[in-house]
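Listed here are the chains, written in short residue letters.
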Amino acid sequence: MNDCLFCKIIAGEIPSAKVYEDEYVYAFRDINPQAPVHVLVVPKEHIACANEITAENSVCVAKIFEAIPKIAAAEGLTNGYRIINCCGEDGGQTVYHLHFHLLGGKKMGESF
Ligand code: 5GP
Ligand code: ZN
């Protein structure tokens, strides 16, 4: 029984504003955007957090970082962007399905 929010979004059981999809990767708009462009880029495979990345499942991380420039170009982020991953409690992670925040459309501040 998989009770993961992002697995349900990937499966289409919970609606999302999809911006990109391929065999390994799903990307959709954050429900609470922190910048004009705020996209969550996630592996289709359930991986709880960065600590759970292994030699066996890391191909999806490469695929995510191959997808990010395509998503950024499609979103018009010609002047750069920020990628953030939160891992665990001290990292501020709230959804335990690995995801990378793609933020852009404004000049980001120095603090995280
Ligand atoms: P975290 O804090 O784990 O790094 O990021 C989780 C992100 O998921 C937050 O930015 C939050 O706004 C977003 N989020 C939480 N629930 C939903 C949802 O149901 N749909 C979408 N699109 N984003 C969500
Ligand atoms: Zn999941």
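Everything in this summary refers to the structure shown in the same document. These numbers come from a predicted model, not from an experiment. (Residues numbered from 1 in each chain as written. Chains lettered and ligands numbered in written order. Predicted model: local features only at pLDDT ≥ 70, side-chain atom pairs only at ≥ 80, totals over all residues. Heavy atoms only, no water.)

## A closer look at the coordination of the zinc ion (ligand 2)
Here is step 1 of the chain: Cys4 (SG), Cys7 (SG), His46 (ND1) and His97 (ND1) make up the full set of protein donors to the zinc ion (ligand 2), lying at 2.1 to 2.3 Å.
Here is step 2 of the chain: Considering all 4 donor atoms around the zinc ion (ligand 2), the spread of angles at the metal, 106 to 117 degrees, places the coordination shape in the tetrahedral class.
Here is step 3 of the chain: Ordering the donors of the zinc ion (ligand 2) by residue number gives the pattern C-x2-C-x38-H-x50-H. Note that histidine 46 is positioned in the loop between strand S3 (37-43) and helix H2 (59-74) and histidine 97 in the loop between helix H3 (88-91) and strand S5 (100-104), a separation of 51 residues in sequence.
Here is step 4 of the chain: The class of histidine 46 is partly exposed, set by a relative accessible area of 36%. (Donors = N, O, S within 2.8 Å, 3.2 Å for Na, K, Ca; no water. Tetrahedral: all angles 85-135°; square planar, octahedral: opposite > 155°, others 65-115°. Helix = DSSP H or I, 4+ residues; strand = E, 2+ residues; numbered from the N terminus. Buried < 20%, exposed > 50% of the residue type's maximum accessible area, 1.4 Å probe, protein only.)

## Details of the site of ligand 1
Here is step 1 of the chain: Taken together, 16 residues lie near ligand 1, and Arg29, Asp30, Thr94, His99 and His101 sit nearest.
Here is step 2 of the chain: A distance of 2.5 Å is found between an oxygen atom of ligand 1 and a side-chain nitrogen or oxygen belonging to aspartate 30.
Here is step 3 of the chain: A distance of 3.3 Å is found between a nitrogen atom of ligand 1 and a backbone nitrogen or oxygen belonging to isoleucine 31.
Here is step 4 of the chain: Contact with the protein chains hides 81% of the accessible area of ligand 1, taken as 520 Å² for the molecule alone.
Here is step 5 of the chain: When atoms are counted within 2 Å of each cavity's grid points, the one that captures over half of ligand 1 is the largest pocket.
Here is step 6 of the chain: In terms of residue class, the shell around ligand 1 is made up of 8 nonpolar, 6 polar and 2 charged. (Near = heavy atom within 4 Å. Polar contact = N/O pair within 3.5 Å; in protein donor to acceptor, adjacent residues only side chain to side chain. Areas by Shrake-Rupley, 256 points an atom, 1.4 Å probe, with all protein chains shown as cover. 1 Å grid on protein atoms, 1.4 Å probe; cavity = no way out; pocket = protein on both sides within 12 Å on 5 of 7 lines; lining within 4 Å. Sits in = over half its atoms within 2 Å of the grid points. Nonpolar A, V, L, I, M, F, W, Y, C, P; charged D, E, K, R; others polar.)

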